[in-house]
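Fold and contact review
Below are the chains, spelled out letter by letter.
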4 protein chains.
Amino acid sequence: MNSFGRFFRVHIFGESHGESVGICIDGCPAGLSLKVDDFLTDIERRKGGKQKGTTPRQESDLPIFKSGIFNDTTTGAPLTILFENNNTRSGDYQKQRAVPRPGHADFVAHQKFGGFEDYRGGGHFSGRLTVALVAAGVIAKKLLQQVSEKVGIHNSNDAVRQEISVVSHLVEIGGEKDIEKGLQRAIDAKDSIGGIVECRVNGLPWGLGEPFFDSVESVISHAVFSIPAIRGIEFGTGFAAARMFGTEHNDAIIDASGKTRTNHAGGVVGGISNGNELVFRIAVKPTSSTPKEQETLNWETGVVETFSVKGRHDLCIALRVPVVLEAVTAIVLADLMLITQNMPRIS
Amino acid sequence: MNSFGRFFRVHIFGESHGESVGICIDGCPAGLSLKVDDFLTDIERRKGGKQKGTTPRQESDLPIFKSGIFNDTTTGAPLTILFENNNTRSGDYQKQRAVPRPGHADFVAHQKFGGFEDYRGGGHFSGRLTVALVAAGVIAKKLLQQVSEKVGIHNSNDAVRQEISVVSHLVEIGGEKDIEKGLQRAIDAKDSIGGIVECRVNGLPWGLGEPFFDSVESVISHAVFSIPAIRGIEFGTGFAAARMFGTEHNDAIIDASGKTRTNHAGGVVGGISNGNELVFRIAVKPTSSTPKEQETLNWETGVVETFSVKGRHDLCIALRVPVVLEAVTAIVLADLMLITQNMPRIS
Amino acid sequence: MNSFGRFFRVHIFGESHGESVGICIDGCPAGLSLKVDDFLTDIERRKGGKQKGTTPRQESDLPIFKSGIFNDTTTGAPLTILFENNNTRSGDYQKQRAVPRPGHADFVAHQKFGGFEDYRGGGHFSGRLTVALVAAGVIAKKLLQQVSEKVGIHNSNDAVRQEISVVSHLVEIGGEKDIEKGLQRAIDAKDSIGGIVECRVNGLPWGLGEPFFDSVESVISHAVFSIPAIRGIEFGTGFAAARMFGTEHNDAIIDASGKTRTNHAGGVVGGISNGNELVFRIAVKPTSSTPKEQETLNWETGVVETFSVKGRHDLCIALRVPVVLEAVTAIVLADLMLITQNMPRIS
Amino acid sequence: MNSFGRFFRVHIFGESHGESVGICIDGCPAGLSLKVDDFLTDIERRKGGKQKGTTPRQESDLPIFKSGIFNDTTTGAPLTILFENNNTRSGDYQKQRAVPRPGHADFVAHQKFGGFEDYRGGGHFSGRLTVALVAAGVIAKKLLQQVSEKVGIHNSNDAVRQEISVVSHLVEIGGEKDIEKGLQRAIDAKDSIGGIVECRVNGLPWGLGEPFFDSVESVISHAVFSIPAIRGIEFGTGFAAARMFGTEHNDAIIDASGKTRTNHAGGVVGGISNGNELVFRIAVKPTSSTPKEQETLNWETGVVETFSVKGRHDLCIALRVPVVLEAVTAIVLADLMLITQNMPRIS
């Protein structure tokens, strides 16, 4: 299924070099103000061509509202947003039909869809679709604010309820915390490079998530691994927790709001948000399309051959991930907020 | 929701010190041979009390079939299995009602369920429920074998189809690859300790998973984070990929089956299984119940106080995780196999 | 799937002559008082042997709580209830293995499940499972009351909110409105007979249901057709509406609460509850197991042969349907109430 | 949710007088040939203005493919189709904002969506959206053919497998079997009128559907009640079954394919298709927008006032229902076919 969510339910569609990419959202409450302008900042953050290490391909990327919005406001009916594909050079790809690019989905797509897949630029398996995720994320972020304003929510940071903020940053490139330095390594090596992106959410109430299959970590990781190129996720201290003693790792609860002295848990205990800052990090692999020569099978000739990627690509795709990570996180949290609200406690 | 899966659909229920824990499985095909004996090996692997570092609490843990099995064979109707709780000492917990244990779900459960939660031994938030996961895993493993025998599946390891094997091992305790040594560190420190568990699946066909929200990584991580105490997951080279160049990380495809020269991707590209070995690792935090003294809030007095965990607990819960990880992995893969079979290619 | 509901999610399992039948409910809010006594009235109403025309088979039918209840109160964790099967005579059925009873699921079950189905007394395809529906209905009815007390609900009947009541009656047997008379026709004919059951819900707020696929009629009919022996459903004037003019059928809205002068719509317009009384009727076919001789195929001999149903059966199964219809209706409405609550209106 | 289906999953969106209506389909297998021409016949059948009793409003109604199709063939990726709204006269509706039309969703939409609903022409609550259902139905019908060709299916009509055909007819208008005569009654009365539509499916294999909540009747009725104006549904003999004896109603099985002598069950027993013809009928209410004067509340003045419907409307909406009924039936059956295929029988 290319759908996600139980209440704030997102359906993604489109291809890199097809007509359009887009999103259909079912379950967005009525009354949310929504204009094209609301999308521009996050869409701009996602765009390539603005910084060293990202692809020069640019789309105007203005959201086109097709349903669910009336008088600049959500109606409660399904909301559909398209992004047209204007700036495509399919010719780049058609020549290489029989040469599945390593690290890309070319081979598995061909097997899974029996040769009927749209192979141009990865087709449906394309980072291009993240513009639709970003659009859904813009709506989810607005929704989080509105929902937190309407209902009484509780968290450990303040007696007074605050706005929920979802913020991601690139924290490492190629093992370097100094991002410029890490990127320069890739430029010097004429090779693509990986990175680590962190997400922090403040103002989240306790009580989101379910004890077992829909733990907060379960639903966030489910959504996060839909972003292309992600290879790992860790919450709080994450993999470092595996090297710690219990007394080091446990977070002492220090007041009635659930605030803890440390936050090794990253804001989730027993699958449930505990009102502390939600913190997690993801590993982004190096862009599969590297400028260097590589080897792969030519499935027509049956021979492993050398090839070079043509086309325009990011040297470090991790540079463009933060806004996408914020988007999927906000999508998940908007859904959890709507779900949790509906669980009344009786008597 | 305490349910998981689209076709092979698992519903978990029960409490640590309640009547029972159990599982209801909807969508298990008819005709699968299933006897109590089939469960004993994996249930035994999960049990504490067998090795250093695990809890002395033991249950007989015999699966009791309540529906869906007739003449030692699945009928195609929903399958319900109970495990009774015989060996409980609830008195251990009732005294500490107002003292939420750090690292445990006591605080969030109390907030989320308004004080109505079964607080005895963590209630529904208990590792005890993993026995039900293990039982579902036994069925899923049998199903994987049968389904792979019945349908023509393809993978990169062999011209001849092989059995699907799902195998997990503890690969690190407290940062030590020598597991005995790592465990001794915890025993010496009189403290609990974390670890890393790896899972490898061989014989898996290409084509499982979906391009976006139901990528193989998405659904596996969703299920994995339902296991208590997991803090991170990484596929293939995982977090190390963030420090690699593209030419280092990309796996060259070397034959028509999709076999790759290296396997940094861990068997998944573009969210789809590629027929190579599926490899992933998870981080397990140190057991929250450590023998050492800790601090936490007493929500009746409002004072942060020192307390010690009574009761019987594992020093290193990671020791018991491998069979549970195999179980949830098999559950996910059984579901993906059933889903993928149903997607016929036309013409 | 043998599951139903988005929030108040019901999983049914069991077989007529197996170990047990039961229900697992996910999404029941915490804090609902629940004792064995709460179930007795509705379970008694469902039982055969109490009135002319129903089967003499009786079960003690006491609900056994296996999870999700603590101190006579729901905990918010999944709730499992079993009913043991004590009073079974499987021998009645085993002789007739190769003789699929007309009107029963014997033939389709055998085909669908490849001969692995539990064929004793219909196995999973048995009216016996409705005891589990009735149990879930008891919980749903309690939940409807509680939820309507906790949240501000609106309906057209009163400025003051009232309790939601779900009441079903048998309104016709064999075409007779005088039920005794209709039943006597069947007794005289020594044949089983059909009937019509009506359900009326008062106190329901406006706003439940969705415009398209999850209209109130969609979800109610979905659940209703899971009751064995149902052949039709109609809302409000139902099939009679097909013979009416628009001015006859339209219900004039006469006050700000949405109250209508007539109620031909049966309380649902555009798929959404409108706050007026919800009214629908269902057609129940005559019990398939009639005392009369019938013909059917013997699939071993390949010959169509005459046979008589042995065993204990209802002459008019419709007599036992009202409490089951109330149950599935309450299950649907409890789910819709939880769903609708969670849809905040913004600004 | 405005979504339907487990595998062939349909998401509907749009408004009567908004930008567009459309459909997003997830789970359509790759390799299905699909051109604009394939849609024209069914879209034409749905259009008004072609026959007496239907609205003169016409749309060009050409499907615009936005994703999921490449080289006139489905790719396996989500498939999005838009229909633009060109021929709208919103001015007709804006004046009547405070006057909820009887029989329409105006009142409930206003309450449910807090005044944010797109009220023009019913907005999302509009028969206009059925064009999207018809489009999905075209694809589902093609899929039924292809799937039945690819897999070995079994039904009772023939040793040789045949194509699955889904055919609906209007069988009654205003109580008249002579449709012209019934329609003339409405024209003479200057009032709208209801009707009954029947659907027959031949060539369907046995084994579709589930024993309880996803019985064939459950999922068909769920989908059918998403069509506006439907008030009832009955399978086989339907409501007449409630007036029959068991020996009259039971269908004797007469050969090994499951063929029955009569077909009172309408092709479904125990919730499962039995390989005989699937037959059901639905009741369509008279068009709510009748040319006659009616009364309703003006919610601004609080006074019940007389009003007349302006705009262009069908006298008998049932005339346009058959192709829509075929569409939703095909959608359901395509989904059931895909689901059932994936349930392998073991050993």
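Please refer to the structure placed before this passage.
Just so it is clear, the model here is predicted, and its values are computed rather than measured. (Residues numbered from 1 in each chain as written. Chains lettered and ligands numbered in written order. Predicted model: local features only at pLDDT ≥ 70, side-chain atom pairs only at ≥ 80, totals over all residues. Heavy atoms only, no water.)

1. Examining the overall build of chain A
Put simply, the test is: Strands are runs of DSSP state E lasting at least 2 residues, helices are runs of H or I lasting at least 4, and numbering of each runs from the N terminus. Accessible area is worked out with a 1.4 Å probe on protein chains only. A residue is then buried under 20% of its type maximum, exposed over 50%, and partly exposed in between. Whether two residues are in contact is decided by their heavy atoms, any of which lying within 4.5 Å being enough. Each accessible area is a Shrake-Rupley result for a 1.4 Å probe, and residues are judged covered by the shown protein chains and nothing else.
When you go through chain A residue by residue, the secondary structure sums to eight helices and 15 strands. Residue burial in chain A is summarised as follows: out of 347 residues, 69% are buried. Within chain A, residue pairs in contact and separated by at least 24 positions form 72% of the contacts whose partners lie at least 6 positions apart. Roughly 10500 Å² of accessible area belongs to chain A as shown, and the carbon and sulfur atoms make up 47% of that amount.

2. So, helix α8 (residues 321-341) of chain A
How we decide: To estimate the expected span of a helix, count its residues, drop one, and scale the result by 1.5 Å.
Given a rise of 1.5 Å per residue, 21 residues ought to cover 30 Å, and the 30 Å separating the end C-alpha atoms of α8 of chain A matches this to within 8%. Along α8 of chain A, 19 of the 21 residues are buried, which leaves the element largely enclosed by surrounding structure.

3. Remarks on helix α6 (residues 216-224) of chain A
By the criterion of burial, α6 of chain A is predominantly enclosed, with nine of the nine residues buried. Buried within α6 of chain A are the following residues: V216, E217, S218, V219, I220, S221, H222, A223 and V224 of chain A.

4. Looking at the relation of the copies chain C and chain D
We count it as follows: Alignment of copies: least-squares fit on C-alpha atoms of residues with pLDDT of at least 70 in both copies.
For the pair chain C and chain D, the best superposition has an RMSD of 0.0 Å and corresponds to a rotation of 180 degrees with a translation of 0.0 Å parallel to the axis. Such values leave the two copies arranged in the relation of a two-fold axis. Looking at the interface residues of chain C, 100% of them are also at the interface in chain D, so both copies use one shared face.

5. Observations concerning the interface of chain C and chain D
The test is simple: Values labelled buried area give the accessible surface lost by two parts on being combined, using a 1.4 Å probe and summing over both. Should a side-chain nitrogen of Lys or Arg be within 4 Å of a carboxyl oxygen of Asp or Glu, the pair is scored as a salt bridge. Distance and chemistry together define a polar contact, namely a pair of N or O atoms within 3.5 Å, with one atom able to donate a hydrogen and the other to accept it when in protein, and with adjacent residues in sequence counting only for side-chain atoms on both sides. By this definition, two strands are paired if DSSP reports at least two bridges between them.
With 109 residues of chain C at the contact, the number on the chain D side is 109 residues. Of all residues in chain C, F212, F213 and R231 of chain C give up the largest surface area on contact with chain D, accounting jointly for 12% of the area buried on that side. Taken together, the connections running from chain C to chain D amount to six salt bridges. Of the charged contacts, one joins E217 of chain C and R231 of chain D as a salt bridge, the two residues approaching to 2.7 Å between their closest N and O atoms. For the interface between chain C and chain D, the tally reads 43 residue pairs in polar contact (both at pLDDT 80 or more). As paired elements, strand β10 (residues 230-235) of chain C and strand β10 (residues 230-235) of chain D share three bridges and run antiparallel to each other. Residue pairing across strands places G232 of chain C opposite E234 of chain D, the latter belonging to β10 of chain D.

6. A short note on the side chain of K141 of chain C
Note that K141 of chain C resides in helix α4 (residues 130-150). Discounting chain neighbours no more than four positions away, the residues touching K141 of chain C are D42, R45, E326 and A330 of chain C.

7. Observations concerning the side chain of S16 of chain A
All names here are of chain A. Mapped onto the secondary structure, S16 falls in the loop between β2 (9-14) and β3 (20-26). With relative accessibility at 2%, the residue S16 sits in the buried group. One polar contact links the side chain of S16 to the main-chain carbonyl oxygen of G121, over a distance of 3.5 Å.

8. What to know about the sheet that holds strand β4 (residues 64-67) of chain D
Residue and element names in this part refer to chain D. Taken together, five strands build an open sheet; the order of strands is β1-β2-β3-β7-β4 and the sheet is antiparallel. In this open sheet, the two strands that pair with only one neighbour each are β1 (3-4) and β4. In terms of strand pairing, strand β3 (residues 20-26) meets strand β7 (residues 79-84) through six bridges, oriented antiparallel. Paired with V21 across the bridge in β7 is F83.

9. What about the pattern of salt bridges?
Between side chains of opposite charge, a pair can form when the charged atoms approach closely. Across all of its chains, the model carries 84 salt bridges over all chains by this definition. Connected via shared salt-bridge partners are E198, R200, E234, E277 and R281 of chain A.

10. Some details on the sheet that holds strand β10 (residues 230-235) of chain A
Counted only if it meets this: Axes, fitted as lines to C-alpha atoms, cover a helix only where it is in contact. Angles between the N-to-C directions of the axes lie from 0 to 180 degrees.
Taken together, eight strands build an open sheet; the order of strands is β8(A)-β9(A)-β13(A)-β10(A)-β10(B)-β13(B)-β9(B)-β8(B) and the sheet is antiparallel. Bordering the open sheet on either side are β8 (165-173) of chain A together with β8 (165-173) of chain B, each of which pairs with just one other strand. Put simply, the sheet's adjacent strands are angled 20 degrees from each other on average, direction ignored. The pairing of strand β10 (residues 230-235) of chain B with strand β13 (residues 278-284) of chain B spans five bridges and is antiparallel. The residue of β13 of chain B that forms the bridge with I233 of chain B is I282 of chain B. Running over the sheet, α8 of chain A touches β8, β9 (195-202) and β13 (278-284) of chain A and is turned about 145 degrees from β8 of chain A.

11. A closer look at the packing of aromatic side chains
Aromatic ring pairs are described here by two measures, namely the spacing of the ring centres and the angle between the planes. What counts is decided by this rule: Whether two aromatic rings pair depends on their centres lying within 6.5 Å, for rings of Phe, Tyr and Trp, where Trp uses its six-membered ring; planes under 30 degrees apart make the pair stacked, over 60 edge-to-face, and the rest tilted.
For the structure on display, the rule yields 28 aromatic pairs over all chains. Considering the side-chain rings of F235 of chain C and F280 of chain C, the 5.4 Å spacing of their centres and the 35 degrees angle between planes classify their relative orientation as tilted. Taken as a pair, F235 of chain C in strand β10 and F280 of chain C in strand β13 (residues 278-284) lie far apart in primary sequence, 45 residues in all. Judged by its relative accessible area of 0%, F235 of chain C falls in the buried class. Here the aromatic rings of F113 of chain D and F125 of chain D are separated by 6.4 Å at their centres, their planes lie at 55 degrees, and the arrangement is tilted.

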